[in-house]
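# Structure assessment
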Amino acid sequence: MKDKVKVEMSERIEGLSPYLFAELDRRKVALRAKGVDIIDLGVGDPDLPTPKRIVERMMKEILNHLNHRYPSYEGLREFREAVSRWYERRFGVGVDPDVEVLALIGSKEGIAHIPLAFLNPGDCSLIPSPGYPVYHAGTIFAGGESFFLPLLEERGFLPDLGQVPQRVAEKAKLIFINYPNNPTAAVADKEFFSEVVAFAQRYHLIVCHDAAYSEIFFDSYSPTSFLEVDGAKEVGVEFHSLSKTYNMTGWRLGFVVGNRDVLAGLGKIKTNIDSGVFQAIQWAGIEALGGDQSDVEQMREIYQRRRDVMVQGLRKMGLEVTPPLATFYLWVKVPSGYDSASFTSLLLDEAGVVVTPGRGFGEAGEGYVRLSLTVPESRLEEAVERFQRISL
Ligand SMILES: *Cc1c(COP(=O)(O)O)cnc(C)c1O
């Protein structure tokens, strides 16, 4: 008999936080197997289709054999120009398509890779908690360490930079911020971004602003770009994604704009790891960014109606919720007597509704659950009806 090889994971894999949703996934599958009609508000993936104009452009471009070859890692010149025009139109900020724009295989790719360009072993990233898990994973994979910045409700879910110990700030190389925010749905104003710029200047940090939800906004609000504030381009970059804006999560297309030296560093990593985005997808992205944006407008109206249905339903249950100004999430404080896991269980067992326990996004997410508005309005109404049967 052959000896069995013992497969040992690297320390960087062991360093990841345990997957906190495994138990929830197991129970979801078990309930479905029993025939329970589950309403899944746990996923951050749009249910709506990619707009037809974008799909049609893809169909045309995929037939062109010139698009079948290796793309350049930095993205087609035409794609980078389309990004630059979109950025100027949307935020009034100019970015040079040659050196201040980089195409990404989804923004997650750039976020995961950027620590490899700037962290040496033992260096530190400042990371929001609760937060998108990739900031921490990318940091760990680069041999770095995470210092978590709690996002607290009393501060509007903005990190308190004054609380970062001096020795940590001096050791830090990167700071990740994300507004409109996943999972808290909070938004940031220019005043906060200016504070971040001053902090980054003082401690020589690179700012990585994740703006994946910049186009999912409601009422009369419209998010600003980090690069709109003075000095931002000297210290940072902003990650954007076509995933949420154009319902293109499966296509894998994003971009990063901002400081040219930071982009050059990330570009070095990318040339050695990937070979860029399939060109047909980049052409579809050019259509997405440059074409008629009325589909984006309609999508916002749909999410806004869904938001209102769910906010009203939660209030009827006796929960306190403020309607968020952006993102397709609701970040809801659990009622007294529960923690994020036990409240998640209650909603699953009593209503067949899946939500995400806030603890899964970091320690400071305890005490909250996240609900996604990525299911049709009729299903949200059904969820709300089931909630009314629960007595808290
Ligand atoms: C969805 C999401 C992203 C990235 O999406 P991509 O599909 O990789 O572009 C990045 N940040 C946050 C906070 C997200 O929720």
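Residues numbered from 1 in each chain as written. Predicted model: local features only at pLDDT ≥ 70, side-chain atom pairs only at ≥ 80, totals over all residues. Heavy atoms only, no water.

### Thoughts on the sheet that holds strand 11 (residues 356-357)
To be explicit about the condition: Whether two strands pair comes down to DSSP finding at least two bridges between them. Under the scheme used here, helices are H or I runs from DSSP no shorter than 4 residues and strands are E runs no shorter than 2 residues, and both carry numbers assigned from the N terminus. In what follows, residue pairs with any heavy atoms lying within 4.5 Å of each other are defined as contacts. An axis is simply a line fitted to the C-alpha atoms; with a helix, the fit covers only the stretch in contact. Between two such axes, the angle follows the N-to-C directions and lies from 0 to 180 degrees.
Spatially, 9-12-11 is the arrangement adopted by the 3 strands of the open sheet, whose pairing is antiparallel. Of all the strands in the sheet, the pair left with one neighbour each is strand 9 (329-333) and strand 11. Note that strand 11 and strand 12 (residues 368-372) share 2 bridges and pair antiparallel. In the strand pairing of strand 12, proline 357 is matched with valine 369. Contacting strand 9 and strand 12, helix 13 (residues 294-316) runs over the sheet at an angle of about 10° to strand 9.

### Comments concerning the site of the ligand
The cut-off we apply is this: Near residues are defined by distance, with any heavy atom within 4 Å of the molecule or strand qualifying the residue. Under this definition, polar contacts are N or O atom pairs within 3.5 Å; protein pairs additionally need one hydrogen-donor-capable and one acceptor-capable atom, and for neighbouring residues in sequence, both atoms have to be side-chain atoms. The pocket and cavity definitions rest on a 1 Å grid over protein atoms only: a 1.4 Å probe that fits but cannot leave marks a cavity, an open set with protein on both sides within 12 Å along at least five of seven lines marks a pocket, and residues lining either have an atom within 4 Å of a point. Whether a molecule sits in a cavity or pocket is decided by its atoms, more than half of which must lie within 2 Å of the grid points. The residue classification treats Ala, Val, Leu, Ile, Met, Phe, Trp, Tyr, Cys and Pro as nonpolar and Asp, Glu, Lys and Arg as charged. All others, Gly included, are polar.
As a matter of local geometry, the ligand sits amid 13 residues, with Asp210, Tyr213, Ser241, Ser243 and Lys244 nearest to it. One of the backbone N or O atoms of serine 107 is found 2.7 Å from an oxygen atom in the ligand. When each cavity is represented as a set of grid points, the ligand is found to reside in the largest pocket. Mapped onto the shell around the ligand, the elements with two or more residues apiece are helix 5 (107-118) and helix 10 (242-245). Here the residues of the shell around the ligand are counted per class, giving 3 nonpolar, 6 polar and 4 charged.

### Observations regarding the environment of phenylalanine 343
Relative to the assigned elements, phenylalanine 343 resides in helix 14 (residues 340-351). Not counting chain neighbours up to four residues away, the residues in contact with phenylalanine 343 comprise Met317, Leu319, Val334, Pro335, Tyr338, Val369 and Leu392.

### Details of the layout of surface pockets
For clarity, the threshold we go by: Grid points are joined across faces, edges and corners, and a volume is the space filled by probe spheres set on the points.
As a volume, the largest pocket reaches approximately 1,200 Å³. What lines the largest pocket is a set of 47 residues, and nearest its centre among them are Gly131, Tyr132, Pro133, Gly360 and Phe361. Those elements that provide at least two residues to the lining of the largest pocket are helix 2 (22-33), helix 5, strand 3 (124-129), helix 6 (134-141) and helix 10. Here the element with the most residues in the lining of the largest pocket is helix 6; it accounts for 4 residues.

### Remarks on the packing of helix 5 against helix 11 (residues 260-273)
For clarity, the threshold we go by: Angle categories are assigned with fixed cut-offs, so that under 35 degrees is roughly parallel, over 145 is roughly antiparallel, 65 to 115 is roughly perpendicular, and the rest are oblique.
Orientation of helix 5 relative to helix 11, taken along the N-to-C sense of each, is 105°, at an axis distance of 9 Å. Relative to helix 11, the element helix 5 lies roughly perpendicular. Residues Glu109, Gly110, His113, Ile114, Leu116, Ala117 and Phe118 of helix 5 pack against Asp261, Val262, Gly265, Leu266, Ile269, Lys270 and Ile273 of helix 11. The residue makeup of the contact of helix 5 with helix 11, split by class, is 8 nonpolar, 3 polar and 3 charged.

### As for the environment of tyrosine 135
Selection rule: The cut-offs for exposure are 20% and 50% of the maximum accessible area for each residue type, with area from a 1.4 Å probe on protein chains only; residues under the lower value are buried, those over the upper are exposed, and the others partly exposed.
Mapped onto the fold, tyrosine 135 is located in helix 6. For tyrosine 135, a relative accessible area of 0% puts it in the buried group. For the pair formed by tyrosine 135 and arginine 306, sequence separation is 171 residues and the distance between their alpha carbons is 29 Å. Residues in contact with tyrosine 135, not counting those within four places in the same chain, are Ile111, Ile127, Pro128, Phe176, Asn178 and Asp210. Among the polar contacts listed, one links the side chain of tyrosine 135 to the side chain of aspartate 210, at a separation of 2.7 Å.

### Some points on the domain arrangement of the protein chain
Cut-off, in case you're wondering: Note that the domain bounds were set by an automatic or database domain assignment. A 1.4 Å probe defines the accessible area here, and the buried area is the portion of it lost by two parts on being joined, summed over both. Here, a salt bridge means any side-chain nitrogen of Lys or Arg that lies within 4 Å of a carboxyl oxygen of Asp or Glu.
Assigned domains within the protein chain: domain 1 (11-49 + 294-388) and domain 2 (52-290). Note on domain 1 versus domain 2: buried area summed over both sides is about 2,800 Å², and carbon and sulfur give 62% of it. For the pair domain 1 and domain 2, the interface holds 3 salt bridges. A salt bridge links lysine 333 to glutamate 153, with the shortest nitrogen-to-oxygen separation between them at 3.7 Å. Linking domain 1 with domain 2 are 13 residue pairs in polar contact (both at pLDDT 80 or more), by the criterion used here. Of all the secondary structure elements, the ones that give two or more residues to the side of domain 1 that touches domain 2 are helix 13, strand 9 and strand 12. At 7 residues, helix 13 tops the list of elements feeding residues into the side of domain 1 that touches domain 2.

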